[in-house]
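Remarks on the overall topology
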Amino acid sequence: GQQVMQIPQYQHVQEGEDFTTYCNSSTTLSNIQWYKQRPGGHPVFLIQLVKSGEVKKQKRLTFQFGEAKKNSSLHITATQTTDVGTYFCASTSGTYKYIFGTGTRLKVLA
Amino acid sequence: DVKVTQSSRYLVKRTGEKVFLECVQDMDHENMFWYRQDPGLGLRLIYFSYDVKMKEKGDIPEGYSVSREKKERFSLILESASTNQTSMYLCASSTGQGIYNEQFFGPGTRLTVL
């Protein structure tokens, strides 16, 4: 079945450094969603990408969807302690089913 | 704001017990989901429902069943809890209008089976 691999599993950065997490699939994805889960919290929707090559920005966060729609990335510029958490990508398989990546846990050292 | 609530934040049960986890959403969403979250494995779909009384198996349905008698409520049932079902359980909902809709998650239930 469809699988979405996410790397790295963990990332520790100094505050102010950049951070990137990647999602990869062996099959073409219909869409990519990104979620953030704060420590002790639940996943919260950040954004969705649908078009090939799409790039969207939310303040210091930049989201990209690959031209072949098989990969996506989330880049955070100049990380802050508030960026701490686990970032998940997800894609819709069929009409209702969502496939989640394994997540990247980000730790920001002040 | 969409609100998804779960009946318990923490639950401790013994092996062999029947366990009910309840989820309620207040936004009239058609779709509801149950996931379990384990370190290094991400979120894995157990069951989902796209309408009242309708249910579909996810990726790991073994050992679980679900019930959706009302649109706002989706229950996860562990018929006979086992230690390997110790996990964080997350409920989510999404609208059935359009496609590729975002999911709204509840706070989660951390279940420990002794």
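Before reading on, note that the structure itself is shown above.
Thoughts on the overall build of chain A
Secondary structure summary: chain A contains 0 helices and 11 strands in total. Listed N to C, the secondary structure of chain A is β-β-β-β-β-β-β-β-β-β-β in terms of helices and strands. Viewed in the frame of its principal axes, chain A has a C-alpha envelope of about 40 × 25 × 20 Å. Within chain A, the fraction of its 110 residues that count as buried is 46%. Separation between the mean location of the 12 positive side-chain charges and that of the 6 negative ones in chain A comes to 9 Å.

Some points on the interface of chain B and chain A
Buried accessible area, meaning the area lost when the parts come together, often serves as the stated size of an interface. At the interface, 22 residues of chain B touch 21 residues of chain A. Here chain B packs against chain A, burying approximately 1900 Å² in sum over the two surfaces, 60% of which is carbon and sulfur. Sorting the residues of chain B by area buried against chain A places L43, Y100 and F105 of chain B first, and these three jointly supply 33% of that buried surface. For the interface between chain B and chain A, the tally reads 1 salt bridge. D59 of chain B serves as the salt-bridge partner of K97 of chain A, at 2.9 Å between the closest nitrogen and oxygen. Summed over the shared surface of chain B and chain A, the result is 5 residue pairs in polar contact (both at pLDDT 80 or more). When contributions to the side of chain B that touches chain A are tallied by element, the ones reaching two or more residues are strand 4 (31-38), strand 5 (42-49) and strand 9 (87-94) of chain B. Residue composition of the side of chain B that touches chain A, grouped by class: 11 nonpolar, 8 polar and 3 charged.

Quick look at the state of the cysteines
Evaluation of the coordinates by the stated rule reveals 2 disulfides over all chains. Across the disulfide from C23 of chain A sits C89 of chain A; the S-S distance is 1.5 Å. Between C23 of chain A and C89 of chain A, the S-S dihedral sits near -75°, and the bridge is therefore left-handed. Placement of C23 of chain A in strand 3 (residues 19-25) and of C89 of chain A in strand 9 (residues 85-93) is noted, with a sequence separation of 66 residues between them. Each member of the pair, C23 of chain A as well as C89 of chain A, carries the same accessibility label: buried. A sulfur-sulfur distance of 1.9 Å marks the disulfide that ties C23 of chain B to C91 of chain B. Taking the sign of the S-S torsion, about -75° here, the bridge from C23 of chain B to C91 of chain B comes out left-handed. Here the residue C23 of chain B occupies a position in strand 3 (residues 19-25), and C91 of chain B occupies one in strand 9, the gap between them amounting to 68 residues. According to the relative accessible area criterion, C23 of chain B is buried, its value standing at 0%.

Some thoughts on the pairing of strand 3 of chain A
Residues and elements named next belong to chain A. Among the 7 residues of strand 3, 5 are classified as buried, and the element is accordingly described as predominantly covered. Bridging between strand 3 and strand 8 (residues 71-76) involves 6 bridges; their strand directions are antiparallel. Within strand 8, the position partnered with Y22 by the bridge is S73.

Topic: the packing of aromatic side chains
The description of an aromatic ring pair rests on the distance of the ring centres and on the angle between the ring planes. Residue and element names in this part refer to chain A. By the definition in use, this model includes 12 aromatic pairs over all chains. With a centroid separation of 5.9 Å and 45° between ring planes, the pair formed by F19 and Y87 is classed as tilted. With F19 in strand 3 and Y87 in strand 9, this pair connects stretches of sequence that are 68 residues apart. Assigned by exposure class, F19 and Y87 land together as buried.

Some remarks on the pattern of salt bridges
Residue and element names in this part refer to chain B. In this structure the tally under the stated criterion is 10 salt bridges over all chains. Note that K53 and E69 form a salt bridge whose closest N and O atoms lie 2.4 Å from each other. Here the residue K53 occupies a position in the loop between strand 5 and strand 6 (56-57), and E69 occupies one in strand 7 (residues 64-70), the gap between them amounting to 16 residues. Note on accessibility: K53 and E69 belong to one class, exposed. Linked by salt bridges that have partners in common, D28, E30 and K71 make up one network.

Reading the values: rules and limits
Residues numbered from 1 in each chain as written. Chains lettered and ligands numbered in written order. Predicted model: local features only at pLDDT ≥ 70, side-chain atom pairs only at ≥ 80, totals over all residues. Heavy atoms only, no water. Helix = DSSP H or I, 4+ residues; strand = E, 2+ residues; numbered from the N terminus. Buried < 20%, exposed > 50% of the residue type's maximum accessible area, 1.4 Å probe, protein only. Lys, Arg positive; Asp, Glu negative; His and termini not counted. Charge placed at Lys NZ, Arg CZ, Asp CG, Glu CD. Contact = heavy atoms within 4.5 Å. Buried area = accessible area lost by both parts, 1.4 Å probe. Salt bridge = Lys/Arg side-chain N within 4 Å of Asp/Glu carboxyl O. Polar contact = N/O pair within 3.5 Å; in protein donor to acceptor, adjacent residues only side chain to side chain. Nonpolar A, V, L, I, M, F, W, Y, C, P; charged D, E, K, R; others polar. Disulfide = S-S within 2.5 Å. Pairing = 2+ DSSP bridges. Phe/Tyr/Trp six-rings, centres within 6.5 Å; stacked < 30°, edge-to-face > 60°.

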